[in-house]
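Results of the structural survey
Residues per chain, in single letters:
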Amino acid sequence: AVVSTQRVEDSLRDIHIDFTFYPHAAAQVHGIAFWFDVAFEGSQKTVFLSTSPSEPLTHWYQVRCLMGTPLFARPGQPIIGSVTLTSNKRQSYDVKLKMHLAAAVRQ
């Protein structure tokens, strides 16, 4: 399948990821860390790259977003949030983290 390069580029300008985590134990939440996996599909072969901490190092790294004030989560209390990555002129992304605790605890 042929994919428009412009369409792919446009889809990478703003990336929004919603998340919900359920802690197994009480914890102070200081932030979030994440990484990405990508497949570069060439005409002869596909090359996979991962920035996972369990994979070999690359020139890209994991992302760490720390909050100014930690959240204290109870076991099963949903941690709800989102990460928005916006491309910038430095050939990188500006990262915005939103995170809060839900009132209810999942049983």
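Check the entry above for the structure.
Here, residues in each chain are numbered from 1, in the same order as that chain's written sequence. Thresholds applied to this predicted model are a pLDDT of at least 70 for local features of residues and 80 or more for the giving and counting of side-chain atom pairs; totals over whole chains, interfaces and linings are not thresholded and use all residues. Calculated side-chain values reflect all of the structure's heavy atoms, with hydrogen atoms and water omitted.

1. Structural notes on the overall build of the chain
Scanning the chain from N- to C-terminus turns up one helix and seven strands. Helix and strand definitions follow DSSP, with helices as H or I runs of at least four residues and strands as E runs of at least two, each counted in order from the N terminus. Reading the helices (α) and strands (β) of the chain from amino to carboxyl end gives α-β-β-β-β-β-β-β. Whether a residue is buried, partly exposed or exposed follows from its accessible area with a 1.4 Å probe, protein chains only, as a fraction of its type maximum: under 20%, in between, or over 50%, in that order. Within the span of the chain, comprising 107 residues, buried residues form 22% of the whole. Expressed as a percentage of contacts within the chain between residues at least 6 apart in sequence, the contacts between residues at least 24 apart total 64%. It only takes one pair of heavy atoms within 4.5 Å for two residues to be counted as in contact.

2. Examining the packing of aromatic side chains
Each aromatic pair joins two rings of Phe, Tyr and Trp (for Trp, the six-membered one) with centres within 6.5 Å, and gets the label stacked for planes under 30 degrees apart, edge-to-face for over 60, and tilted for any other angle. Here the structure, examined in full by the defined rule, presents two aromatic pairs. Here the aromatic rings of Phe36 and Trp60 are separated by 5.6 Å at their centres, their planes lie at 55°, and the arrangement is tilted. Remark: Trp60 occurs in the loop between strand E4 (46-50) and strand E5 (63-73) and Phe36 occurs in the loop between strand E2 (27-34) and strand E3 (37-41); sequence separation between them is 24 residues. By relative accessible area, Phe36 is classed as partly exposed at 36%.

3. Overview of the environment of Tyr61
As for its position among the elements, Tyr61 is in the loop between E4 and E5. Of the residues examined, Tyr61 reaches a relative accessible area of 56% and is grouped as exposed. A sequence separation of 11 residues divides Tyr61 from Ser50, and the C-alpha atoms of the two residues are 9.2 Å apart.

4. Quick word on the nonpolar core
In summary, soluble globular proteins display a tendency toward joint burial of nonpolar side chains. The definition of a nonpolar core used throughout is a set of buried Ala, Val, Leu, Ile, Met, Phe, Trp, Tyr and Cys residues joined through side-chain atoms within 4.5 Å. In terms of nonpolar packing, the biggest core is built from 12 residues, these being Phe19, Val29, Ile32, Phe34, Cys65, Met67, Leu71, Ala73, Ile79, Val83, Leu85 and Met99. Going through the elements one at a time, E2, E5 and strand E6 (79-87) are the ones with two or more residues in this core. Apart from the residues within four sequence positions on either side, Ala73 is in contact with Pro23, Ala25, Ala26, Ala27, Val29, Ile79 and Leu101.

5. Some details on unusual backbone geometry
Of note in this structure, Gln91 is not a glycine but carries a positive phi near 55°. Looking at the secondary structure, you find Gln91 in the loop between E6 and strand E7 (93-101).

6. Structural notes on the sheet that holds E7
Think of it this way: DSSP has to see at least two bridges between two strands before they count as a pair. The strand order across the open sheet formed by three strands is E1-E6-E7, and the pairing between neighbours is antiparallel. Each having just a single partner strand, strand E1 (14-21) and E7 make up the two edges of the open sheet. With direction set aside, neighbouring strand axes in the sheet form an average angle of 10°. Taken together, the eight bridges between E1 and E6 define a ladder with antiparallel strand orientation. If you follow Phe21 over to E6, its bridge partner there is Ile79. Whenever a helix is involved, its axis is fitted only over the stretch in contact; in every case the axis is a line through C-alpha atoms, and angles between N-to-C directions fall within 0 to 180 degrees.

7. As for the pattern of salt bridges
Throughout this description, the term salt bridge denotes a Lys or Arg side-chain nitrogen within 4 Å of a carboxyl oxygen of Asp or Glu. A complete count under the given rule lists one salt bridge for this structure. In this structure, Arg90 engages Asp94 in a salt bridge whose closest nitrogen and oxygen atoms are separated by 3.1 Å. For Asp94, a relative accessible area of 38% translates into the label partly exposed.

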